[in-house]
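Commentary on secondary and tertiary structure
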Amino acid sequence: MPKLGMPEIRRPQLIDATMAVVNDVGLSNASVALISRKAGVSPGIINHYFGGKHGLMEETMRAVLRQLSVSVKTRLQQVDKRDIAGRIQAIVAGNFDDYQMESKVVKTWLAFWAHAMHDSQLHRLQQINEQRLLSHLRYELKQVLPAEQAAFVAQGIAALIDGIWLRGALHPEGICAEKAKLIISDYLDKQLSPYLPRQ
């Protein structure tokens, strides 16, 4: 966590610079000197408030995760609580939000996932993100499915979100949000149809 007293105007500036440098040269080559130059601040600011590159990367991912959470919650607020399929689709749409698919954000996610396997703090952030997604999905699915089946389908949707996102991130044409939504919607329809009343 950054130290208290970090000027709020500097925080988004440094986060944006971190993602821009990761986008340009990758996390391994994203030095404090490069990031500080991109942000127009001295390297000492980063070292003082974030303890170096690692702390800044952690804070950058926290910002990306906060944005993801806001995106999902905003979409859920716009859907009737009785429209379970619509609410699941809102969660999916939040994960494929325009911001999450920007090149610099995509590359930051890829760097985060790669390093989370070997870094306890980043791993903890990844677990929080995963549990938040599964919790949202299970909550909605349990309105129409038995608890065990809701957990199973939630895992399936989460795997589709991550898998489609990752495949798209590594594809030259990038992530196609509309195709992702169609694939997941098809899966969801097949899972829900035995439990919903026939029209």
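Residues numbered from 1 in each chain as written. Predicted model: local features only at pLDDT ≥ 70, side-chain atom pairs only at ≥ 80, totals over all residues. Heavy atoms only, no water.

**What to know about the packing of aromatic side chains**
Counted under the stated rule, the structure contains 4 aromatic pairs. On the basis of an interplanar angle of 50° and a centroid distance of 5.5 Å, the ring pair of Trp109 and Trp113 is categorised as tilted. Taken together, the positions of Trp109 and Trp113, both in helix α6 (residues 103–116) and 4 residues apart, correspond to about one turn of that helix. Classification of Trp109 as buried rests on a relative accessible area of 5%. Here Trp113 falls in the partly exposed class, since its relative accessible area comes to 22%. Consider the rings of Trp113 and Trp165, whose centres lie 5.2 Å apart with planes at 80°: the pair is edge-to-face. You can see Trp113 sitting in helix α6 and its partner Trp165 sitting in helix α8 (residues 147–169), a full 52 residues away along the chain. On the basis of relative accessibility, which here comes to 5%, the residue Trp165 falls in the buried class. By way of ring pairs, the aromatic residues Trp109, Phe112, Trp113 and Trp165 are connected into one cluster. (Phe/Tyr/Trp six-rings, centres within 6.5 Å; stacked < 30°, edge-to-face > 60°. Helix = DSSP H or I, 4+ residues; strand = E, 2+ residues; numbered from the N terminus. Buried < 20%, exposed > 50% of the residue type's maximum accessible area, 1.4 Å probe, protein only.)

**Description of the UniProt feature "DNA-binding region" (unreviewed entry) in the protein**
Under the local residue numbering, the UniProt record ascribes the feature "DNA-binding region" (unreviewed entry) to residues 31–50. End-to-end, the C-alpha atoms of residues 31–50 are 13 Å apart, and along that stretch the chain is 80% helix and 0% strand. (UniProt positions renumbered as here; feature names shortened; annotations may be inferred.)

**A look at the packing of helix α5 (residues 84–95) against α8**
Direction vectors running N to C along α5 and α8 enclose 25°, while the axes themselves pass 11 Å from each other. Judged on the interaxial angle alone, α8 and α5 are roughly parallel. Remark: the crossing between α5 and α8 carries right-handed chirality. The segment α5 lies against α8, with Ile88, Val92 and Asn95 engaging Ile157, Ile161 and Trp165. (Axes fitted to C-alpha atoms, helices over the stretch in contact; angles between N-to-C directions. Parallel < 35°, antiparallel > 145°, perpendicular 65-115°, else oblique. Left-handed = near helix turned anticlockwise from the far one by under 90°. Contact = heavy atoms within 4.5 Å.)

**Some words on the pattern of salt bridges**
Side chains that differ in charge, positive against negative, can pair when their charged atoms come close. On inspection of all chains with the given rule, the structure shows 10 salt bridges. A salt bridge links Glu140 to Arg87, with the nearest nitrogen and oxygen atoms 2.9 Å apart. Note that Glu140 is positioned in helix α7 (residues 120–141) and Arg87 in helix α5, a separation of 53 residues in sequence. Exposure remark for Arg87: the relative accessible area of 8% places this residue in the buried category. Here Glu178 ties to Lys181 by a salt bridge, and the two come within 3.3 Å at their closest N and O atoms. On the criterion of helical spacing, the pair formed by Glu178 and Lys181 is a turn pair, its members being 3 residues apart in helix α9 (residues 177–192). Judged by relative accessible area, Lys181 falls into the partly exposed class, the value being 29%. In the salt-bridge network here, residues are joined through shared partners; they are Arg11, Glu59 and Arg66. (Salt bridge = Lys/Arg side-chain N within 4 Å of Asp/Glu carboxyl O.)

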